[in-house]
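This is what each chain is made of:
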Amino acid sequence: LFKIKDFIKMYYTISRSHNLKEIGYYPQTSIAKGYNPVLYDGHRNVKVNEFPDFIPNYELDLHSKAKPTSFIHHSVANFGWVINGRLKDIMESYNLLDHHFYKMKLHHNGITLNYFWFHYIVRDFWKYLDKEKSYG
């Protein structure tokens, strides 16, 4: 058997934080001023279980007191993740399920930050399981 500390070294998790010292303000985001989510390319026309045949336009305002962290909690689209380029680069070095990274705009205190909307679909979980290295 393995020790729990060894187990923790083998796996990573990404999760949102409600710790105001880390994120600055909660909720971190809202729909950007002037952004219309119901236009043809708006995020409301993107479905959870399929990738769109267009490049989505997604814009958020980051609260003025919020910190632009690598992972931004957003409840506007209700699915996918809002991440920065550094986290995108790290994630791309792993075997990910079916996904797309869409460029998006995150406005913060008069500056537009370049972020990505990570949209993923879980079609067949079992193909991502390394059965040779798994035991139970």
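Let me sum up the structure you'll find in this document. What you see is a predicted model, and the numbers here were worked out from it, not measured in a lab.

**Let's talk about the layout of surface pockets**
The space that makes up the second largest pocket amounts to roughly 160 Å³. Of all elements in the fold, only α2 (20-23) and β3 (71-72) reach the threshold of two or more residues within the lining of the second largest pocket.

**Things to note about the pattern of salt bridges**
Two side chains bearing opposite charge may form a pair once their charged atoms approach each other closely. Applying the stated criterion to the full structure yields two salt bridges. Residue Lys88 pairs with Glu92 through a salt bridge whose shortest N-O separation is 3.1 Å. Taken together, the residues Lys88 and Glu92, both in helix α3 (residues 85-92) and four residues apart, mark about one turn of the helix. Assessed through its relative accessible area of 15%, Lys88 is described here as buried. A residue is classified by how much of its surface remains accessible, and Glu92, at 42% relative accessible area, is partly exposed. Across the salt bridge formed by Arg123 and Asp98, the nearest N and O atoms sit 2.7 Å from each other. Separated by 25 residues along the polypeptide, Arg123 in the segment after β6 (111-121) and Asp98 in strand β5 (residues 98-108) bring together distant segments of the chain.

How each quantity is defined
Residues numbered from 1 in each chain as written. Predicted model: local features only at pLDDT ≥ 70, side-chain atom pairs only at ≥ 80, totals over all residues. Heavy atoms only, no water. 1 Å grid on protein atoms, 1.4 Å probe; cavity = no way out; pocket = protein on both sides within 12 Å on 5 of 7 lines; lining within 4 Å. Points joined across faces, edges and corners; volume = space filled by probe spheres on them. Helix = DSSP H or I, 4+ residues; strand = E, 2+ residues; numbered from the N terminus. Salt bridge = Lys/Arg side-chain N within 4 Å of Asp/Glu carboxyl O. Buried < 20%, exposed > 50% of the residue type's maximum accessible area, 1.4 Å probe, protein only.

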